[in-house]
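Listed below are the residues making up each chain.
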Amino acid sequence: MSRFPLGRTARIAVLASGRGSNLEALLRAFPPTPPGDALGTVCLVISNRPEAPALARARAAGVEARHVAYDRREGFEAAAVAALDEADIDLVCLAGFMRILSPAFVRRYRGRLLNIHPSLLPAHRGLHAQRQALEAGDAESGCTVHFVDEGVDTGTIVVQRSVPVLDGDDEESLAERIREQEHLAFPEAVGLVLSGRVAADAAPESSADARDRAEVGG
Ligand code: GRF
(Lines give C-alpha, C1' and ligand atoms only; values in the text may rest on other atoms or scores of the structure.)
Protein backbone atom coordinates (compact mmCIF):
# COMPACT_ATOMS: atom_id res chain seq x y z
CA MET A 1 0.00 0.00 0.00
CA SER A 2 1.33 3.41 -0.91
CA ARG A 3 1.27 6.14 1.72
CA PHE A 4 0.64 8.54 -1.18
CA PRO A 5 -1.39 10.39 -2.42
CA LEU A 6 -1.74 12.48 0.73
CA GLY A 7 -4.76 14.53 -0.33
CA ARG A 8 -2.71 17.69 0.17
CA THR A 9 0.49 19.12 -1.28
CA ALA A 10 3.38 16.92 -0.11
CA ARG A 11 6.35 18.59 1.55
CA ILE A 12 9.61 17.59 -0.13
CA ALA A 13 13.17 17.83 1.21
CA VAL A 14 16.24 17.48 -0.99
CA LEU A 15 19.64 16.32 0.30
CA ALA A 16 22.50 17.36 -2.00
CA SER A 17 26.28 17.54 -1.70
CA GLY A 18 27.24 19.23 -4.95
CA ARG A 19 26.22 21.44 -7.81
CA GLY A 20 22.49 20.87 -7.39
CA SER A 21 21.34 20.65 -11.01
CA ASN A 22 18.85 17.92 -10.06
CA LEU A 23 17.69 20.09 -7.19
CA GLU A 24 17.07 22.84 -9.75
CA ALA A 25 14.93 20.47 -11.83
CA LEU A 26 12.93 19.49 -8.74
CA LEU A 27 12.49 23.16 -7.79
CA ARG A 28 11.08 23.87 -11.26
CA ALA A 29 8.62 20.98 -11.05
CA PHE A 30 7.69 21.39 -7.37
CA PRO A 31 8.27 25.07 -6.57
CA PRO A 32 8.38 26.47 -3.04
CA THR A 33 5.22 28.48 -3.62
CA PRO A 34 3.07 25.94 -5.45
CA PRO A 35 -0.36 26.27 -6.99
CA GLY A 36 -3.12 25.02 -4.70
CA ASP A 37 -3.52 21.66 -6.39
CA ALA A 38 0.21 20.86 -6.59
CA LEU A 39 1.30 17.32 -5.76
CA GLY A 40 4.38 18.54 -3.97
CA THR A 41 6.57 21.47 -2.99
CA VAL A 42 10.29 21.57 -2.21
CA CYS A 43 10.53 23.29 1.15
CA LEU A 44 13.87 22.22 2.64
CA VAL A 45 17.36 21.58 1.27
CA ILE A 46 20.11 20.02 3.40
CA SER A 47 23.76 19.69 2.45
CA ASN A 48 26.73 18.19 4.25
CA ARG A 49 28.97 20.75 2.47
CA PRO A 50 28.55 24.41 3.48
CA GLU A 51 29.94 25.60 0.12
CA ALA A 52 27.70 23.33 -1.99
CA PRO A 53 26.18 25.28 -4.90
CA ALA A 54 22.97 23.38 -4.11
CA LEU A 55 22.54 25.46 -0.94
CA ALA A 56 22.99 28.70 -2.89
CA ARG A 57 20.46 27.55 -5.50
CA ALA A 58 17.97 26.75 -2.75
CA ARG A 59 18.41 30.14 -1.09
CA ALA A 60 18.04 31.90 -4.45
CA ALA A 61 14.74 30.08 -4.91
CA GLY A 62 13.57 31.14 -1.46
CA VAL A 63 13.79 27.66 0.05
CA GLU A 64 15.14 27.00 3.53
CA ALA A 65 18.71 25.74 3.07
CA ARG A 66 20.68 24.15 5.87
CA HIS A 67 24.25 22.99 6.16
CA VAL A 68 24.44 19.97 8.47
CA ALA A 69 28.02 18.86 9.20
CA TYR A 70 28.90 15.24 8.51
CA ASP A 71 31.83 14.67 10.86
CA ARG A 72 30.19 11.53 12.14
CA ARG A 73 27.22 9.85 10.54
CA GLU A 74 25.24 9.64 13.80
CA GLY A 75 25.52 13.38 14.35
CA PHE A 76 24.57 14.21 10.78
CA GLU A 77 21.56 11.91 10.81
CA ALA A 78 20.26 13.12 14.19
CA ALA A 79 20.43 16.74 13.00
CA ALA A 80 18.92 15.87 9.61
CA VAL A 81 16.01 13.99 11.22
CA ALA A 82 15.37 16.94 13.53
CA ALA A 83 15.30 19.33 10.55
CA LEU A 84 13.08 17.01 8.49
CA ASP A 85 10.66 16.58 11.41
CA GLU A 86 10.59 20.28 12.12
CA ALA A 87 9.75 21.01 8.48
CA ASP A 88 7.10 18.25 8.50
CA ILE A 89 8.63 16.55 5.45
CA ASP A 90 6.71 13.83 3.58
CA LEU A 91 9.27 12.82 0.93
CA VAL A 92 13.08 12.98 0.95
CA CYS A 93 15.02 13.12 -2.34
CA LEU A 94 18.74 12.36 -2.50
CA ALA A 95 20.04 14.44 -5.40
CA GLY A 96 23.78 13.93 -5.57
CA PHE A 97 24.04 13.28 -1.84
CA MET A 98 27.47 11.67 -1.55
CA ARG A 99 27.21 9.94 1.80
CA ILE A 100 25.89 6.52 2.74
CA LEU A 101 22.94 6.67 5.14
CA SER A 102 22.57 4.19 8.00
CA PRO A 103 20.06 1.32 7.94
CA ALA A 104 18.19 3.02 10.79
CA PHE A 105 17.81 6.25 8.79
CA VAL A 106 16.74 4.32 5.69
CA ARG A 107 14.15 2.35 7.67
CA ARG A 108 12.76 5.52 9.21
CA TYR A 109 12.05 6.95 5.74
CA ARG A 110 11.11 3.70 4.04
CA GLY A 111 8.76 4.35 1.13
CA ARG A 112 9.51 8.07 1.19
CA LEU A 113 13.21 8.21 0.36
CA LEU A 114 14.29 8.44 -3.31
CA ASN A 115 17.76 8.50 -4.90
CA ILE A 116 18.99 9.24 -8.41
CA HIS A 117 21.85 7.21 -9.81
CA PRO A 118 23.67 7.72 -13.14
CA SER A 119 23.34 4.22 -14.56
CA LEU A 120 20.65 1.84 -15.72
CA LEU A 121 20.44 -0.14 -12.48
CA PRO A 122 21.05 -2.90 -11.62
CA ALA A 123 24.12 -2.25 -13.79
CA HIS A 124 26.99 -0.25 -12.27
CA ARG A 125 26.01 0.38 -8.68
CA GLY A 126 28.14 2.60 -6.44
CA LEU A 127 30.69 5.26 -7.33
CA HIS A 128 31.88 6.24 -10.83
CA ALA A 129 28.94 4.64 -12.62
CA GLN A 130 29.73 6.43 -15.88
CA ARG A 131 33.33 5.18 -15.78
CA GLN A 132 32.03 1.68 -15.11
CA ALA A 133 29.75 1.90 -18.17
CA LEU A 134 32.65 3.05 -20.38
CA GLU A 135 34.97 0.36 -19.06
CA ALA A 136 32.31 -2.29 -19.67
CA GLY A 137 31.95 -1.12 -23.28
CA ASP A 138 28.20 -0.56 -22.88
CA ALA A 139 26.35 0.78 -25.92
CA GLU A 140 23.66 2.28 -23.69
CA SER A 141 23.69 4.06 -20.36
CA GLY A 142 21.27 6.27 -18.49
CA CYS A 143 19.87 7.08 -15.09
CA THR A 144 17.62 5.48 -12.50
CA VAL A 145 15.43 6.96 -9.79
CA HIS A 146 14.77 4.39 -7.11
CA PHE A 147 13.52 4.03 -3.56
CA VAL A 148 16.36 3.70 -1.10
CA ASP A 149 16.62 0.48 0.85
CA GLU A 150 19.42 -0.83 3.02
CA GLY A 151 21.65 -1.83 0.10
CA VAL A 152 23.66 0.45 -2.17
CA ASP A 153 21.54 1.43 -5.20
CA THR A 154 19.30 -1.62 -4.78
CA GLY A 155 15.79 -0.32 -3.97
CA THR A 156 12.63 -0.50 -6.08
CA ILE A 157 13.06 1.28 -9.40
CA VAL A 158 10.64 4.12 -10.16
CA VAL A 159 11.89 5.59 -13.46
CA GLN A 160 14.75 4.91 -15.85
CA ARG A 161 15.80 6.92 -18.88
CA SER A 162 18.47 5.78 -21.29
CA VAL A 163 21.05 7.49 -23.50
CA PRO A 164 23.47 6.10 -26.09
CA VAL A 165 27.16 5.80 -25.31
CA LEU A 166 28.93 7.45 -28.27
CA ASP A 167 32.32 6.78 -29.78
CA GLY A 168 34.86 9.07 -28.15
CA ASP A 169 32.82 9.57 -24.98
CA ASP A 170 34.74 10.22 -21.81
CA GLU A 171 33.31 10.25 -18.32
CA GLU A 172 32.37 13.92 -18.49
CA SER A 173 30.63 13.82 -21.90
CA LEU A 174 28.66 10.74 -20.88
CA ALA A 175 27.79 12.25 -17.49
CA GLU A 176 26.52 15.39 -19.21
CA ARG A 177 24.29 13.39 -21.59
CA ILE A 178 22.94 11.37 -18.67
CA ARG A 179 22.40 14.49 -16.57
CA GLU A 180 19.97 15.93 -19.14
CA GLN A 181 17.85 12.82 -18.67
CA GLU A 182 18.19 12.97 -14.88
CA HIS A 183 16.52 16.37 -14.94
CA LEU A 184 13.47 14.77 -16.56
CA ALA A 185 13.56 11.50 -14.63
CA PHE A 186 13.65 12.87 -11.09
CA PRO A 187 10.57 15.13 -11.33
CA GLU A 188 8.78 12.37 -13.23
CA ALA A 189 9.57 9.85 -10.47
CA VAL A 190 8.51 12.21 -7.70
CA GLY A 191 5.22 12.75 -9.52
CA LEU A 192 4.65 9.00 -9.83
CA VAL A 193 5.37 8.44 -6.14
CA LEU A 194 3.32 11.38 -4.84
CA SER A 195 0.34 10.37 -6.95
CA GLY A 196 0.53 6.86 -5.46
CA ARG A 197 1.25 5.18 -8.77
CA VAL A 198 4.50 3.58 -7.61
CA ALA A 199 5.39 2.50 -4.09
CA ALA A 200 8.47 0.99 -2.46
CA ASP A 201 6.64 -2.19 -1.55
CA ALA A 202 5.34 -2.70 -5.09
CA ALA A 203 6.09 -6.10 -6.55
CA PRO A 204 9.62 -6.11 -7.93
CA GLU A 205 9.63 -5.26 -11.59
CA SER A 206 12.23 -5.38 -14.29
CA SER A 207 14.23 -2.34 -15.30
CA ALA A 208 12.63 -2.61 -18.72
CA ASP A 209 9.15 -2.14 -17.20
CA ALA A 210 10.25 1.05 -15.48
CA ARG A 211 11.87 2.31 -18.66
CA ASP A 212 8.75 1.58 -20.68
CA ARG A 213 6.67 3.48 -18.18
CA ALA A 214 9.06 6.47 -18.39
CA GLU A 215 8.91 6.42 -22.15
CA VAL A 216 5.11 6.51 -22.25
CA GLY A 217 5.17 9.39 -19.78
CA GLY A 218 4.08 7.45 -16.70
C1 GRF B 1 24.09 13.15 -10.57
O2 GRF B 1 24.83 12.65 -11.64
C3 GRF B 1 23.40 12.04 -9.84
O4 GRF B 1 23.04 10.98 -10.66
C5 GRF B 1 24.46 11.59 -8.87
O6 GRF B 1 25.10 12.79 -8.48
C7 GRF B 1 24.98 13.75 -9.51
C8 GRF B 1 24.40 15.00 -8.91
O9 GRF B 1 24.43 16.10 -9.79
N10 GRF B 1 23.88 10.83 -7.80
P11 GRF B 1 23.76 17.48 -9.38
O12 GRF B 1 24.41 17.93 -8.07
O13 GRF B 1 22.30 17.26 -9.21
O14 GRF B 1 24.08 18.41 -10.50
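The sections below set out a description of the structure shown in this document.

What counts and how
- Residues numbered from 1 in each chain as written.
- Predicted model: local features only at pLDDT ≥ 70, side-chain atom pairs only at ≥ 80, totals over all residues.
- Heavy atoms only, no water.
- Helix = DSSP H or I, 4+ residues; strand = E, 2+ residues; numbered from the N terminus.
- Buried < 20%, exposed > 50% of the residue type's maximum accessible area, 1.4 Å probe, protein only.
- Polar contact = N/O pair within 3.5 Å; in protein donor to acceptor, adjacent residues only side chain to side chain.
- Contact = heavy atoms within 4.5 Å.
- Salt bridge = Lys/Arg side-chain N within 4 Å of Asp/Glu carboxyl O.
- 1 Å grid on protein atoms, 1.4 Å probe; cavity = no way out; pocket = protein on both sides within 12 Å on 5 of 7 lines; lining within 4 Å.
- Points joined across faces, edges and corners; volume = space filled by probe spheres on them.
- Nonpolar A, V, L, I, M, F, W, Y, C, P; charged D, E, K, R; others polar.
- Pairing = 2+ DSSP bridges.
- Axes fitted to C-alpha atoms, helices over the stretch in contact; angles between N-to-C directions.
- Arc of directions from axis to C-beta.

## Some words on the side chain of Ser 17
Within the secondary structure, Ser 17 is located in the loop between strand 1 (10–15) and helix 1 (21–29). For Ser 17, a relative accessible area of 4% gives the class buried. At 2.9 Å, the side chain of Ser 17 and the backbone nitrogen of Met 98 are in polar contact. Contact partners of Ser 17, with chain neighbours within four places excluded, come to Ser 47, Asn 48, Arg 49, Ala 52, Ala 95, Gly 96, Phe 97 and Met 98.

## Focus on the environment of Ala 200
Relative to the helices and strands, Ala 200 resides in the loop between helix 6 (171–194) and helix 7 (207–215). Overall, the relative accessible area of 13% leaves Ala 200 in the buried class. Residues Ala 200 and Arg 8 lie 192 residues apart in sequence; the distance between their C-alpha atoms is 20 Å. Those residues in contact with Ala 200, other than ones at most four positions away along the chain, are Arg 110, Gly 111, Phe 147 and Thr 156.

## Side note on unusual backbone geometry
The omega torsion of the bond from Phe 4 to Pro 5 falls at 0°, within 30 degrees of zero and hence cis. Examined against the element boundaries, Pro 5 turns out to sit in the segment before strand 1. Positive phi values are uncommon outside glycine, yet Asp 88 reaches one of about 55°. Relative to the helices and strands, Asp 88 resides in the loop between helix 3 (73–86) and strand 4 (91–94).

## A look at the pattern of salt bridges
Two side chains with opposite charge may pair up if their charged atoms get near one another. With the rule as written, the count across this model stands at twelve salt bridges. The partner of Glu 86 in a salt bridge is Arg 66, with the nearest N and O atoms 3.2 Å apart. On the criterion of sequence distance, the pair formed by Glu 86 in helix 3 and Arg 66 in strand 3 (residues 64–67) is long-range, its members being 20 residues apart. Where salt bridges share partners, they join Glu 64, Arg 66 and Glu 86 into one cluster.

## A look at the environment of Ala 129
With respect to the helices and strands, the residue Ala 129 is situated in helix 5 (residues 129–136). Judged by relative accessible area, which is 2%, Ala 129 ranks as buried. For the pair formed by Ala 129 and Pro 118, sequence separation is eleven residues and the distance between their alpha carbons is 6.1 Å. Not counting residues up to four positions away in its chain, the partners in contact with Ala 129 are His 117, Pro 118, Ser 119 and His 124.

## Side note on the layout of surface pockets
To find leftover empty space, one rolls a probe the size of a water molecule over the atoms. One number sums up the size of the largest pocket: a volume of about 1,000 Å³. Every residue lining the largest pocket is counted, 40 residues in all, and those nearest its centre are Gly 96, Phe 97, Met 98, Ile 116 and Pro 118. Of all the secondary structure elements, the ones that give two or more residues to the lining of the largest pocket are helix 1, strand 5 (113–117), helix 5 and helix 6. The greatest single-element share of the lining of the largest pocket, amounting to five residues, is contributed by helix 6. For the lining of the largest pocket, the per-class residue count stands at 16 nonpolar, 14 polar and ten charged.

## Quick word on the sheet that holds strand 1
Across a sheet, paired strands are connected by hydrogen bonds in the backbone, their directions being either parallel or antiparallel. Pairing in this open sheet of seven strands is mixed, and the strands run 3-2-1-4-5-6-7 from one edge to the other. Strands with a single pairing partner mark the edges of an open sheet, and in this sheet they are strand 3 and strand 7 (157–164). Strand-to-strand twist in this sheet, taken as the mean axis angle between neighbours without regard to direction, amounts to 20°. Where strand 2 (residues 40–47) lies against strand 3, four bridges are found, and the strand directions are parallel.

## Some details on helix 5
Buried residues of helix 5: Ala 129, Gln 130 and Ala 133, and no others. Buried residues of helix 5 fall within an arc of 105° about the axis and therefore sit on the same side. On its buried face, helix 5 sits against strand 5, strand 6 (140–147) and helix 6.

So, to be careful, I would describe these as geometric facts and stop short of saying anything about function.
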